[in-house]
Amino acid sequence: MMYLAFLLCLAADHRVAITIDDLPRGGDGGPRDYESIRAMTEKLLTPFRVEKIPVIGFVNESKLPAPELRKILDLWLDAGADLGNHTYSHANFYKTPLAEFEKEVIDGEPVTRAALAARGRKLEYFRHPFLNVGPNPEAKRAFEQFLTARGYRIAPVTLDTSDYMFALVYSYSPLKARVVNDYVPYLTLITQFFEKRGMEVIGHEIPQILLIHSNQLNADQMPQILAMFRARGYSFITLEEALKDPAYALPDDYTGTGGFSWIHRWAMAKKLKFKTYEEEAPDWVREEYLKRQKSP
Ligand SMILES: [Zn+2]
């Protein structure tokens, strides 16, 4: 029996689309000048460029002046990445009136759209900041209609992680080694959890969509992250390919303050009674993150 389970595991069609948010750089405590962001970005993108691994980056255009941002986005496109809109200033839909939130989308377009257009490509994907899809069903529905009318598809997430907590703690050098030690094992637990939970909720193995952020930790650890997925039998696919799975057309009716994996949203929409949740970041990481988040 165990042997059969092992064979089934090997034969499993594990696929993941890697998506990276908060371009040009998330809140990892690292330097935010152009040169530092360029160096971090080049390191982050190297395995994607060299190994031709699909990736999409979601941009907050407010974070750099347009000419500098364009140069960073060109690095992403040079590496074979796609780009999407993550609002102008990383607005939280729960706290932002609909009209203002729609303006955040429009204001978040020009540099990204121009960078894509220069290569004959279109701006096609939108990712909600904080994975917050709206304060109530009416706002959610109205915003989704706005996105469709503007030619966007929503980029959901299944492998939702707290990488940003590890990333901020990583910028504090006495804890760097400890973060390195615990980070990829944490991502492994998240991946294991959602593989299993995806099967329970959907009934078949779905292509996963990973959310991580543009930061120094992921730049330094990307070879190890990719190796972890490969060791589990994953191949890397585009977001477009992942979204072809019928699971991504299932209803997700959650609205409110939260932001979490679409696997939990589908479970809620299906009114599944049996609930389980993924591993949190280790206590020490959460404590150090909260300490550092408060200090200037
Ligand atoms: Zn974000």
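This write-up is about the structure you can find in this document. (Residues numbered from 1 in each chain as written. Predicted model: local features only at pLDDT ≥ 70, side-chain atom pairs only at ≥ 80, totals over all residues.)

What follows deals with the overall build of the protein chain. Looking only at helices and strands, the protein chain features 12 helices and 8 strands. Expected size for 296 residues packed as a compact globule is a radius of gyration near 19 Å; at 19 Å, the protein chain falls within 12% of this value. Each of the three principal axes of the protein chain carries a C-alpha extent, and together these read 60 × 45 × 40 Å. Expressed as a percentage of its 296 residues, the buried residues of the protein chain come to 41%. A separation of at least 24 residues holds for 83% of the contacts in the protein chain among residues at least 6 apart in sequence. (Helix = DSSP H or I, 4+ residues; strand = E, 2+ residues; numbered from the N terminus. Rg over C-alpha atoms; globule rule 2.2 N^0.38 Å. Buried ≥ 20, exposed ≤ 12 C-beta atoms within 10 Å, placed from the backbone. Contact = placed C-beta atoms within 7 Å.)

Our focus in this paragraph is the environment of Gly30. Relative to the helices and strands, Gly30 is located in the loop between strand E1 (14-23) and helix H2 (34-51). Put simply, Gly30 and Leu239 are 209 residues apart on the chain and 28 Å apart in space, counted from C-alpha to C-alpha.

Moving on to the packing of helix H4 (residues 98-107) against helix H6 (residues 137-149). Closest axis-to-axis distance for the H4/H6 pair is 11 Å, and the angle between their directions is 30°. Classified by the interaxial angle, the pair formed by H4 and H6 is roughly parallel. Crossing of H4 over H6 shows right-handed handedness. Contacts between H4 and H6 pair Leu98, Phe101 and Glu102 from the former with Ala139, Ala142, Phe143 and Phe146 from the latter. (Axes fitted to C-alpha atoms, helices over the stretch in contact; angles between N-to-C directions. Parallel < 35°, antiparallel > 145°, perpendicular 65-115°, else oblique. Left-handed = near helix turned anticlockwise from the far one by under 90°.)

In this structure, the amide linkage connecting Leu23 to the following residue, Pro24, adopts the cis form with an omega of 5°. Counting through the fold element by element, Pro24 comes out in the loop between E1 and H2. We note that Thr87 has phi near 70°; this positive angle belongs to a residue other than glycine. With respect to the helices, strands and loops of the structure, Thr87 is situated in the loop between strand E3 (82-85) and H4. Residue classification places Thr87 among the buried residues on the basis of 27 C-beta atoms within 10 Å.

Here we come to the nonpolar core. One finds Leu73, Phe166 and Leu210 to be the most contacted residues of the largest nonpolar core, which totals 65 residues. Residues in contact with Leu73, not counting those within four places in the same chain, are Val59, Leu83, Val111, Thr112 and Ala115. (Core = buried A, V, L, I, M, F, W, Y, C linked by C-beta atoms within 7 Å.)

Time to look at the pairing of strand E7 (residues 208-213). Where burial is concerned, most of E7 is hidden: 6 out of the 6 residues are buried. A two-sided burial pattern is seen for E7, the buried positions comprising Gln208, Leu210 and Ile212 on one face and Ile209, Leu211 and His213 on the other. Two strands pair when backbone bridges link them, and E1 and E7 are joined in this way by 6 bridges, in the parallel orientation. Paired with Val16 across the two strands is Gln208, which belongs to E7. Pairing between strand E6 (residues 159-160) and E7: 2 bridges, direction parallel. Counted as the bridge partner of Asp160 is Leu211 from E7. (Pairing = 2+ DSSP bridges.)

Time to look at the packing of H2 against helix H3 (residues 66-78). H3 packs onto H2 with a crossing angle of 10° between their chain directions and a minimal axis gap of 10 Å. Put simply, H2 runs roughly parallel to H3. The residues of H3 that touch H2, namely those facing Tyr34, Ile37, Arg38, Thr41, Glu42 and Leu45, are Glu68, Ile72, Leu75 and Trp76.

Turning to H2, a few remarks are in order. A rise of 1.5 Å per residue sets the reference length of H2, with its 18 residues, at 26 Å; its end C-alpha atoms lie 26 Å apart and thus fit the reference within 8%. At Leu45, H2 shows its largest bend, some 45°, and a proline, Pro47, comes one to four positions later. Looking only at H2, the buried set comprises Ile37, Met40, Thr41, Leu44, Leu45 and Phe48. In this structure, the buried side of H2 is in contact with strand E2 (55-59), H3 and helix H9 (216-231). With its phi angle positive at about 55°, Lys52 sits one or two positions after the end of H2. (Expected span 1.5 Å × (residues − 1). Bend = angle between axes of the 7 residues up to and from the residue.)

Geometric values such as these leave the question of function open.
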